[in-house]
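Descriptive analysis of the structure
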Amino acid sequence: MSRHVVIVGGGIVGCLTAMELVQRGCRVTIVERNQIASQTSGESSWAGAGIMFPLLPWMYSDQVNILTHYGAQHYGEICAQLLRDTGIDPQMLNSGFLLLPTFDRTQALDWCERYQVTARAVSAADYGVQSPHGDEALWLPEVNQVRPPCLMHALRAWLEQKQVRLLEHTQLLPLPAGTDQLTAWQTQDGEWIRGDQFVVTSGAWSFELLKGVASQLQIKPMRGQIVLYKPVKNLNTVIYREGFYLVPRRDGYLLAGSTLEDVGFDPSTTPEVLAEIRQKAEAILPELSGLPIIKHWSGLRPGTPENLPVIGAHPSVGNLFLNTGHFRYGLTMGPGSARLIAALICGDQPWTDPSPYALPEH
Ligand SMILES: Cc1cc2nc3c(=O)[nH]c(=O)nc-3n(C[C@H](O)[C@H](O)[C@H](O)COP(=O)(O)OP(=O)(O)OC[C@H]3O[C@@H](n4cnc5c(N)ncnc54)[C@H](O)[C@@H]3O)c2cc1C
């Protein structure tokens, strides 16, 4: 009998973990309190911008860069496989990344050399954008993007095809303190979900679920709001300036964001942030001024110190694993983090040293 792994949470991290486990011959169930590939109460994966690159990677540790770099390199294969097997296109696009001042040029160029990422000094004016703090931009042509709702739909269809059991609209209860061995987990409706191993991929809600057995886990929701424009002209690169980005989609829609708000589990959008995003977007592309906003949404990122996720076995609860806390880069880190947790669950050789991602003992 193959090993049965129960995954708690059907966002990008849960779905990619399921994909890896299926490919290693496991039987997999995903338990999701809402519906996979949709957004009901702030789920992060649907809401993300889908840039397959940390915004300023030189600001992060090697542990973060190892995971994001792995994802940036492997999304091409994953998206091609999803399209081939399901017919659903995750809309991966090589749009490049235009970095406008101000930024630390020396740090950026050193990092690009170290990670062998192409960087070219360019003029912002040549891209038809306004750059109030100087024209000397940096162009990273290899950066890709995906469209998160399309990626999630493709993943859901792929998992269904592979007979992964999707237990949607099913919420698991927090694990009680004192649990030392997990063989079944209780749902809100009083049923018990059995499995050989359990992986928590519950994003921003992971601490609520695990505080009885992992009070040392530092995860809290960090809201991000995004707006969607239909632009007048077709921009074809991601633009980043001082914490703010514009992401042109394949069909010409233009996404602008985002915010980092410490407001608990509140997934609402606010008129103040809408005005702030519009002002920043229009400072870069004045022709956006006065254009209608097609959509405005938010997501709750699983915020962690230093953007470092927790990936590994729980130090004292048998059969319990964590793959959570990917904060700002869960879409990008997802493939590497799924491959790592799947190896740890199956007793295979991990592709990278897992120790920096381990949950510390109490
Ligand atoms: C505005 C914004 C922009 C972003 N842009 C990017 C980007 O450009 N690039 C990038 O790499 N990342 C980006 N991110 C970050 C990325 O979206 C997240 O890191 C990632 O989605 C986290 O995935 P997850 O699967 O851990 O969480 P989620 O997608 O939130 O999934 C967790 C799931 O667990 C379920 N769940 C919770 N509790 C329970 C329970 N008790 N029982 C059952 N199910 C439960 C939830 O319903 C949810 O579906 C962005 C995020 C936001 C909000």
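Thresholds applied
Residues numbered from 1 in each chain as written. Predicted model: local features only at pLDDT ≥ 70, side-chain atom pairs only at ≥ 80, totals over all residues. Heavy atoms only, no water. 1 Å grid on protein atoms, 1.4 Å probe; cavity = no way out; pocket = protein on both sides within 12 Å on 5 of 7 lines; lining within 4 Å. Points joined across faces, edges and corners; volume = space filled by probe spheres on them. Helix = DSSP H or I, 4+ residues; strand = E, 2+ residues; numbered from the N terminus. Nonpolar A, V, L, I, M, F, W, Y, C, P; charged D, E, K, R; others polar. Domains from an automatic or database assignment. Salt bridge = Lys/Arg side-chain N within 4 Å of Asp/Glu carboxyl O. Buried < 20%, exposed > 50% of the residue type's maximum accessible area, 1.4 Å probe, protein only. Pairing = 2+ DSSP bridges. Axes fitted to C-alpha atoms, helices over the stretch in contact; angles between N-to-C directions. Contact = heavy atoms within 4.5 Å. Buried area = accessible area lost by both parts, 1.4 Å probe. Polar contact = N/O pair within 3.5 Å; in protein donor to acceptor, adjacent residues only side chain to side chain.

**Re the layout of surface pockets**
The computed volume of the second largest pocket comes to approximately 240 Å³. What lines the second largest pocket is a set of 14 residues, among which Phe53, His69, Ala72, Val117 and Glu142 lie closest to the centre. In terms of residues, the lining of the second largest pocket owes the most to one element, helix α3 (residues 62–86), which gives five residues. Across the lining of the second largest pocket, the residue classes break down as seven nonpolar, six polar and one charged. Looking at which domains feed residues into the lining of the second largest pocket, each of domain 1 (4–85 + 148–215 + 305–357) and domain 2 (93–144 + 220–303) supplies at least three.

**A word on the pattern of salt bridges**
One pass over the full model with this rule turns up 15 salt bridges. The residue Arg223 makes a salt bridge to Asp266 at a minimum N-O spacing of 3.5 Å. Remark: Asp266 occurs in the loop between β13 (254–257) and α7 (271–284) and Arg223 occurs in strand β10 (residues 220–229); sequence separation between them is 43 residues. Accessibility expressed as a relative area gives 4% for Arg223, which makes it buried. Taken together, the salt bridges that share partners define one network made up of Glu20, Arg24 and Asp348.

**A word on the sheet that holds strand β9 (residues 197–200)**
Read across the open sheet, the six strands follow the order β6-β2-β1-β9-β16-β15; overall the sheet is mixed. The sheet is open, and its two borders are formed by β6 (165–167) and β15 (310–313), each paired with just one other strand. Neighbouring strand axes in the sheet, compared pairwise and without regard to direction, differ in orientation by 20 degrees on average. Here three bridges tie strand β2 (residues 27–31) to β6, and the two strands are oriented parallel to one another.

**A look at the domain arrangement of the protein chain**
Size of an interface: often given as the accessible area lost when the parts come together. Partitioning the protein chain into domains gives domain 1 (4–85 + 148–215 + 305–357) and domain 2 (93–144 + 220–303). Of note, the centres of domain 1 and domain 2, computed from C-alpha atoms alone, are 27 Å apart. Listed as interface residues are 31 residues of domain 1 and, on the opposing side, 31 residues of domain 2. Of the roughly 2,700 Å² buried where domain 1 meets domain 2, counting both sides, 69% is carbon and sulfur surface. Where domain 1 meets domain 2, there are one salt bridge. For the interface between domain 1 and domain 2, the tally reads eight residue pairs in polar contact (both at pLDDT 80 or more). Counting residues per element, the ones that place at least two in the side of domain 1 that touches domain 2 are α2 (44–47) and α3.

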